[in-house]
Amino acid sequence: MQNETASTAFLKYGSVYRNCIQEQDATLICQIKRVPAQQALSQFLQFSCDTYIEVQSGIGVLLVSEDPEHLPIEEFGMNHRIHIRPHVYFGLVATTSELVVHLYTQSDYQLDAITLSTPYEFRPMLPRIRIRNILGYYYRIRTPGYVFKGEEHPFFELTYVDTGILHTEVDGVSYTLSEKDLIIYGPGQFHSQHTDDQTVSYVTIMFNMENICPELPEDWYSVLCNRVFPYNRKIYTLIKTLVQESSTGAPYTDSLMHCLLTETVIRLLQGIYVEPTVRPSSVVRQNYQEELFDRILAYVDSKMYEPLTVADICQQFSLSRSTLQLLFKNAVNQSPKKYISDIKLEKSCQLLRENKYTISEISLKLGYSSIHYFSNAFNQKYHISPSEYAKRIY
């Protein structure tokens, strides 16, 4: 999070105050205006006595340092009234359309203005990419031996494998996507797909995406293409949520889907650019919990076609019920029981789409005690009966 001038981190440079400066306390020496275009600072000011900044309009960031040529420059969100200690160098940048401040100090002040050999670049909080529109989104089930001879188009296409193995060729290079793998085809890339001897289900999302940050090169998206992204729990959760939201019909669903897809792309980019580092013990513990949770999810998936209880999971992983509840709460904001129910119902939707089994067979296959219990659970989650869901598809 960004520090403010009201935080303890600012105390070595100054403080904030409540009441406006009176004439007998200090003299107004100037009014300073800043606009967002002035975000590369080459000059910092230093006064020999206490200095007071009072914001008249707008929002900005205060840059401070004891020696900006040799020591770090720190950034602080500005409160309305700021006191700066003597001999502290400072500069101002605007984050709104205009920032206007009054600067007060003693009448006998001495001013030192230092010009940096390399201007300090303030990086505002701006989006770098934008999903302009989602052109299509499909859940596809391909039978064994399926062959798509290929196409190219002027937009992006994301393919996320839900179950099975999908083979794809992009501009003459072959890739294999296993379950929970993901690939993005770039604009103008010719790509084909085929399956082996098993059914494959996958999500396809076609979209236009653009760079809205002039600092990025024009081929910024190339790092996303021509690579297979392996299973990642955050990506899995995002895709799963996007698929679920696409069928709710709730208000603002389209906006939420844009947000989920944007976060998916950003998470993929972060995974490419963020270098692994030595982590503190608290993060190592978090990493262990994430790995444990991934193993629990894999176990739940492996027991998809069996009756599975919370007690079974606790016994398998030597966990107390409260620890398991907390683990699920932190990871997916759900109880273990609700997660097991949801994952089985999602599987039932896939089986209904495949049209290989009757509703009774699906209920039995997924370990439900009765078709009545299965239908009630399905209706409660999707607000439609399994038979009506199957009719809508076919």
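This text follows the structure it describes.
Residues numbered from 1 in each chain as written. Predicted model: local features only at pLDDT ≥ 70, side-chain atom pairs only at ≥ 80, totals over all residues. Heavy atoms only, no water.

Trainee: Account for the nonpolar core, with residues named and values stated.
Mentor: Grouped together as the largest cluster of nonpolar side chains are 58 residues, with contacts concentrated most on Leu158, Leu182, Ile296 and Ile313. Ranked by residues supplied to this core, first place goes to helix H6 (residues 336–354) with 7 residues. In this structure leucine 158 touches Leu182, Ile183, Ile184, Val203, Thr204, Ile205, Phe207, Ile239, Leu261 and Thr264, once residues within four positions along its chain are discounted. In this structure, Phe10, Val64, Met78 and Phe90 belong to the second largest nonpolar core, which totals 19 residues. (Core = buried A, V, L, I, M, F, W, Y, C linked by side-chain atoms within 4.5 Å. Buried < 20%, exposed > 50% of the residue type's maximum accessible area, 1.4 Å probe, protein only. Helix = DSSP H or I, 4+ residues; strand = E, 2+ residues; numbered from the N terminus. Contact = heavy atoms within 4.5 Å.)

Trainee: Describe the packing of aromatic side chains, and please don't skip the residues or the numbers.
Mentor: One pass over the full model with this rule turns up 16 aromatic pairs. Each ring, one from phenylalanine 10 and one from tyrosine 13, has its centre 6.2 Å from the other, and the planes form 45°; the classification is tilted. Judged by its relative accessible area of 3%, tyrosine 13 is buried. Relative to phenylalanine 76, the ring of tyrosine 13 has its centre 6.1 Å away and its plane inclined at 70°; by these criteria the two rings are edge-to-face. Placement of tyrosine 13 in the segment before strand S1 (14–16) and of phenylalanine 76 in strand S6 (residues 74–77) is noted, with a sequence separation of 63 residues between them. (Phe/Tyr/Trp six-rings, centres within 6.5 Å; stacked < 30°, edge-to-face > 60°.)

Trainee: Tell me about unusual backbone geometry, and name the residues and values.
Mentor: Of note, the phi angle at histidine 87 is positive, near 65°, even though the residue is not glycine. As for its position among the elements, histidine 87 is in the loop between strand S7 (81–84) and strand S8 (89–94). The class for histidine 87 is partly exposed, based on a relative accessible area of 46%. Phi is positive for lysine 180, close to 75°, though the residue is something other than glycine.

Trainee: Tell me about H6, and name the residues and values.
Mentor: Spanning 19 residues, H6 covers 27 Å between terminal C-alpha atoms, matching the ideal 27 Å at 1.5 Å per step. Of all 19 residues in H6, 15 are buried, a share of seventy percent or more. With its phi angle positive at about 60°, asparagine 355 sits one or two positions after the end of H6. (Expected span 1.5 Å × (residues − 1).)

Trainee: Can you break down the sheet that holds strand S18 (residues 200–211) residue by residue, with the values?
Mentor: Strands sit in the order S11-S18-S13-S16 across an open sheet of 4 strands; the sheet is antiparallel. In this open sheet, the two strands that pair with only one neighbour each are strand S11 (129–142) and strand S16 (182–185). Looking at each pair of strands side by side, their axes are set apart by 20° on average, direction ignored. Two strands pair when backbone bridges link them, and S11 and S18 are joined in this way by 12 bridges, in the antiparallel orientation. Residue pairing for S18: arginine 140 is matched across the bridge by tyrosine 202. (Pairing = 2+ DSSP bridges. Axes fitted to C-alpha atoms, helices over the stretch in contact; angles between N-to-C directions.)

Trainee: Break down the pattern of salt bridges for me, citing the residues and quoting the values.
Mentor: Scanning the entire structure with this criterion turns up 11 salt bridges. Here the residues in one salt-bridge network are Arg130, Arg132 and Glu210, joined through shared partners. (Salt bridge = Lys/Arg side-chain N within 4 Å of Asp/Glu carboxyl O.)

Trainee: Describe the sheet that holds strand S2 (residues 27–34), with residues and values.
Mentor: Read across the sheet, 5 strands follow the order S1-S7-S4-S9-S2 without closing on themselves; strand pairing throughout is antiparallel. Every interior strand has two partners, whereas the edge strands, S1 and S2, have only one. Direction aside, neighbouring strands of the sheet carry axes that sit 20° apart on average. Relative to S7, strand S4 (residues 51–57) runs antiparallel, the two being bridged by 4 bridges. Bridging across to S7, tyrosine 52 finds its partner in histidine 83.

Trainee: Break down the environment of histidine 153 for me, with residues and values.
Mentor: Tracing the sequence through the fold places histidine 153 in the loop between strand S12 (147–151) and strand S13 (156–163). Residue classification places histidine 153 among the buried positions, given a relative accessible area of 9%. Separated by 36 residues in the primary sequence, histidine 153 and glutamine 189 place their C-alpha atoms 7.2 Å from one another. Each residue touching histidine 153, except ones within four places of it in the same chain, is listed here: Gly186, Pro187, Gly188 and His191. For histidine 153, the side chain forms a polar contact with the side chain of glutamate 157, separated by 2.8 Å. (Polar contact = N/O pair within 3.5 Å; in protein donor to acceptor, adjacent residues only side chain to side chain.)

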